[in-house]
Amino acid sequence: MVKGVYGTMDAQKCIENNIIYQCVTGSFAYRLNTENSDTDIRSIFIPPPEYVFGINVIENVKPQSDIDIEYISLRKVFTQWCIGALNWIELLWVDDDMIQIETQISKTLRAKRDMFTTQRVIHKTIGFMNAMIKRYEQSKRTNNPNINKELMHAVRIGRMVLDFTQSGILVVDRSSDREHLMDIRYGNIPYDIIVGEVNDLISKLENSITTLKWNKVVPEQEANQLLVSLHFEYWNCNTPNRE
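In this report, the structure presented in the accompanying data block is examined. Nothing here was measured: the structure is a model prediction, and the numbers come from that model. (Residues numbered from 1 in each chain as written. Predicted model: local features only at pLDDT ≥ 70, side-chain atom pairs only at ≥ 80, totals over all residues. Heavy atoms only, no water.)

### Quick notes on helix α8 (residues 147–167)
Move 1: For α8, built from 21 residues, the straight-helix expectation of 30 Å at 1.5 Å per residue is met to within 8% by its first-to-last C-alpha distance of 30 Å.
Move 2: Looking one or two residues past α8, G168 carries a phi angle of roughly 80°, positive in sign. (Helix = DSSP H or I, 4+ residues; strand = E, 2+ residues; numbered from the N terminus. Expected span 1.5 Å × (residues − 1).)

Next comes the structure, spelled out in structure tokens:
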């Protein structure tokens, strides 16, 4: 049994039979993994119609298991892409060797990923980075042992999105930043220098908005049409006729 957002249901089989895309994310995708790193996996699925329109809707499931895997419905992940959630958008940009399950629908999504390249990505990233600075300020009083890792991610995300604004390509693989980011994680760089770098990245991202030609938001009609058409394309190919 797995727990979904609408209660506990025996949804595992339904999910596993309808996966359209699955990839490795997190530290392995960033190439920042260590010998103690867990493998994070995210899987996108299209439920049968009765689990989209019926009472027992399945949208987001994280089973209790030894494998760190999260399942999310295509409809739910679309909402994340549309609000500029980088941790979900990056699924469309991971290197090919990180992809575990690929289908024609996922190829279509990756081909149309520029649709989700909007100014919302920048605003949401800046919000996250500011939150990390506030947590650092709080950590001075609470001695938060995870602050190094959190600041490392603030720098990683800031650099990733700044590169994105300059090239139009979201490079998930941060091998080129690994040495610097690991120095941050292991406390080899003074906090004031790290915070200064985060603030500098925030400033550059704020300035980039004025010159970028990115849409402010995802074109709603285009995104909605794509989402609906992919559902029906999948159901027409995979849903048996019912008497």
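### A look at unusual backbone geometry
Move 1: One non-glycine residue, R31, lies in the positive phi region at around 65°.
Move 2: Mapped onto the elements, R31 comes out in the loop between α2 (26–30) and β4 (40–45).
Move 3: Overall, the relative accessible area of 22% leaves R31 in the partly exposed class. (Buried < 20%, exposed > 50% of the residue type's maximum accessible area, 1.4 Å probe, protein only.)

### Some details on the nonpolar core
Move 1: With 68 residues, the main nonpolar core has I20, I44, L74, F78, W81, L109 and F116 as its most contacted residues.
Move 2: With ten residues, α8 is the largest single contributor of residues to this core.
Move 3: When residues no more than four places from it in sequence are discounted, the contact partners of I20 are I44, F45, I46, L74, I101, E102, T103, I105, S106, L109 and Y234.
Move 4: Formed by ten residues, the second largest nonpolar core is a distinct cluster that contains I15, I19, I41 and V61. (Core = buried A, V, L, I, M, F, W, Y, C linked by side-chain atoms within 4.5 Å. Contact = heavy atoms within 4.5 Å.)

### Details of the state of the cysteines
Move 1: Applying the stated criterion to the full structure yields zero disulfides.
Move 2: Free cysteine: C23, not disulfide-bonded; nearest cysteine sulfur from C82 at 18 Å.
Move 3: Residue class for C23 comes out buried when judged on its relative accessible area of 0%. (Disulfide = S-S within 2.5 Å.)

### Digging into the packing of α8 against helix α10 (residues 191–209)
Move 1: Look at α8 against α10: their axes get within 10 Å of each other, and the N-to-C directions meet at 30°. By the angle class used here, α8 and α10 are roughly parallel. Handedness of the α8/α10 crossing: left-handed. In this structure, α8 contributes I147, N148, L151, A154, V155, G158, R159, V161, L162 and T165 to the contact, and α10 contributes Y191, I194, E197, V198, L201, K204, L205 and S208. (Axes fitted to C-alpha atoms, helices over the stretch in contact; angles between N-to-C directions. Parallel < 35°, antiparallel > 145°, perpendicular 65-115°, else oblique. Left-handed = near helix turned anticlockwise from the far one by under 90°.)

### Comments concerning the packing of aromatic side chains
Move 1: If you walk through the whole model with that rule in mind, you get eight aromatic pairs.
Move 2: When the ring of F78 is compared with that of F116, the centres are 5.4 Å apart and the planes differ by 90°; the resulting orientation is edge-to-face. Linking F78 in helix α4 (residues 74–82) with F116 in the loop between α6 (104–111) and α7 (119–142), this pair joins segments that are 38 residues apart in sequence. With respect to class, F78 is no different from F116; both count as buried.
Move 3: Ring centres of W93 and F164 lie 5.6 Å apart, and the angle between their planes is 70°; this geometry places the pair in the edge-to-face category. (Phe/Tyr/Trp six-rings, centres within 6.5 Å; stacked < 30°, edge-to-face > 60°.)

### Thoughts on the environment of L205
Move 1: Examined against the element boundaries, L205 turns out to sit in helix α10.
Move 2: Expressed as a C-alpha distance, the spacing of L205 and M152, which sit 53 residues apart in the sequence, is 17 Å.
Move 3: When residues no more than four places from it in sequence are discounted, the contact partners of L205 are I122, T125, I126, M129, G158, V161, L162 and T165.

### Thoughts on the packing of α7 against α8
Move 1: At a minimum axis separation of 10 Å, α7 and α8 run at an interaxial angle of 160°. When the axes of α7 and α8 are compared, the pair comes out roughly antiparallel. In the packing of α7 onto α8, the handedness of the crossing is left-handed. Residue-level inspection shows V121, I122, T125, F128, M129, M132, R135, Y136 and S139 of α7 in contact with α8, the latter providing I147, E150, L151, H153, A154, I157, G158, V161 and T165.
Move 2: For the contact of α7 with α8, a count of residues per class yields eleven nonpolar, five polar and two charged. (Nonpolar A, V, L, I, M, F, W, Y, C, P; charged D, E, K, R; others polar.)

Nothing here speaks to function; it is all geometry.
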